[in-house]
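One letter stands for each residue in the lines below.
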Amino acid sequence: MLVVRPIAMSDYDALHTCAVESGHGFTSLPVNEELLTNRITHSEYSFAKPNVSEPGDEGYLMVGFDSASGEVAGCTGIEAAIGWDVPFYSYHISTIVHSSPKLGVNNVVKLLTFGNNYTGCSEICTLFLRPKFRGGNNGRLMSKCRFLMMAEHPHRFSKTVFAEMRGVSDEEGNSPFWQWLQEHFFSIDFTLADYLTGIGKKGFIADLMPKLPIYVNLLSKEAQAVIGQVHDNTKPALRLLEKEGFTCRNYVDIFDGGPSVECDRENIESVRHSFRGKVHIDQHASAQDFLISNTSFEQFRAVAVKAAFDQATDTVIISSDVANALQVQQGDHVRLLPL
């Protein structure tokens, strides 16, 4: 059974393994000891922070671990409100028309405009599941557990929730979109730019990024082709988010052109359809698949298991093993999401 919980400093080696295995373009998991340690420290501070009434500088990082072996299977996270302490940049794709009635010319062109439009929004991020754990409901658990947390503790998160999807790059980390920017503006390769961003050194972006809008049709054909497209490894995560109601509002990453997708927190499918139930610990003959989380924040736990729900009494019947994994007792409340 996979169990999601807040990360601890003892998980550093496992997080480093995830960072190595995630590969190029996974900006939020840089292979850097200081930065990974800081992520864990900041997450521990955020989960323990008392009296949070609105989203701020908190960053919540969690791991999924195998309850039998203790091995960490992957990680997942939420940034409560991005862009206040460190700038968050993106491109917005807009459309303008160049028209001359006298000449009978009517050209529709797209522009990339540099900006900080997601400042203050909550970001779901750092979702990575190691290859040998991909299967069953593990991917759903690692993604959707964040929405159970938002449903139970909405005051900790912003009205708008978004996610950056990894854009197209090859096995060596070369991005067609970045190659055009590199040639004309940056003169550093994609992997270095991506790494500098991951470790928080973003000053070069504001220094070197063109301030005026860029005409998309002036980019190379290869760069144009990948704008708004995702890396093959990211397609399953994108499909999960699209089913949750997330959609691209024409914002793309400034490095690889990958899309950002967003949804109002209250309209996320898993937020809308999750509900509370009272715990009854017993064996159950008939059951269905649920994602279940406890209602604690500091000691958050979530699992994907079979359980039985009695709608008449709002009671969920779970086994003692599941109750132990969730750290709940008879009569406690949990949050459920049918799968």
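In case you missed it, the structure is sitting above this.
In this text, all values refer to a predicted model and were calculated from it rather than measured experimentally.

Visitor: Sorry, what's going on with the nonpolar core here?
Guide: In a soluble, globular protein the nonpolar side chains are often hidden away together inside. Counting residues in hydrophobic clusters, the biggest one holds 36 residues, and the most contacted among them are Ile124, Met150 and Phe246. Elements with a contribution of two residues or more to this core: β1 (2-6), β2 (59-66), β3 (72-79), β6 (122-129), α3 (138-152), β7 (160-164), α8 (235-243) and β10 (259-264). Here this core takes eight residues from α3, the largest share from any one element. Setting aside chain neighbours within four positions, we find Met150 in contact with Ile78, Ile124, Phe157, Val161, Arg265, Ile268 and Val271.

Visitor: Quick question: what am I supposed to make of the pairing of β1 here?
Guide: When a strand is regular, its side chains alternate between the sheet's two faces. Summarising burial for β1: five of the five residues are buried, a large majority. Bridging between β1 and β2 involves five bridges; their strand directions are antiparallel. Looking at the pairing, Val3 lines up with Phe65 of β2. Pairing analysis gives two bridges linking β1 to strand β13 (residues 302-310), with the strands arranged antiparallel. The partner of Val4 across the bridge, within β13, is Ala302.

Visitor: Help me out: how do you make sense of the pairing of strand β12 (residues 288-294) in this one?
Guide: Counting buried positions along β12 yields five of seven residues, so the element is predominantly enclosed. In this structure, β12 lies alongside β13, joined through six bridges in antiparallel fashion. Bridging across to β13, Phe290 finds its partner in Val305.

Visitor: What am I meant to see in unusual backbone geometry here?
Guide: Glycine aside, residues mostly have negative phi, and peptide bonds are mostly found in the trans state. Of note in the backbone geometry, Asn51 takes a positive phi value of approximately 55 degrees without being a glycine. The residue Asn51 is located in the loop between α2 (33-48) and β2 in this model. Of note, the phi angle at Thr126 is positive, near 55 degrees, even though the residue is not glycine. Residue placement: Thr126 occurs in strand β6.

Visitor: How should the pattern of salt bridges be read in this particular structure?
Guide: Two side chains with opposite charge may pair up if their charged atoms get near one another. Applying the stated rule across the entire model yields twelve salt bridges. Among the ionic pairs, Lys144 bridges to Glu244, the shortest N-O distance being 2.4 Å. Residue Lys144 is located in helix α3, and its partner Glu244 is located in the loop between α8 and β9 (247-252); the two are separated by 100 residues in the primary sequence. Under the relative-accessibility criterion, Glu244 is labelled buried at 1%. Bridged by salt links that share partners, the residues Glu21, Glu71, Arg130 and Lys132 form one connected network.

Reading the values: rules and limits
Residues numbered from 1 in each chain as written. Predicted model: local features only at pLDDT ≥ 70, side-chain atom pairs only at ≥ 80, totals over all residues. Heavy atoms only, no water. Core = buried A, V, L, I, M, F, W, Y, C linked by side-chain atoms within 4.5 Å. Buried < 20%, exposed > 50% of the residue type's maximum accessible area, 1.4 Å probe, protein only. Helix = DSSP H or I, 4+ residues; strand = E, 2+ residues; numbered from the N terminus. Contact = heavy atoms within 4.5 Å. Pairing = 2+ DSSP bridges. Salt bridge = Lys/Arg side-chain N within 4 Å of Asp/Glu carboxyl O.

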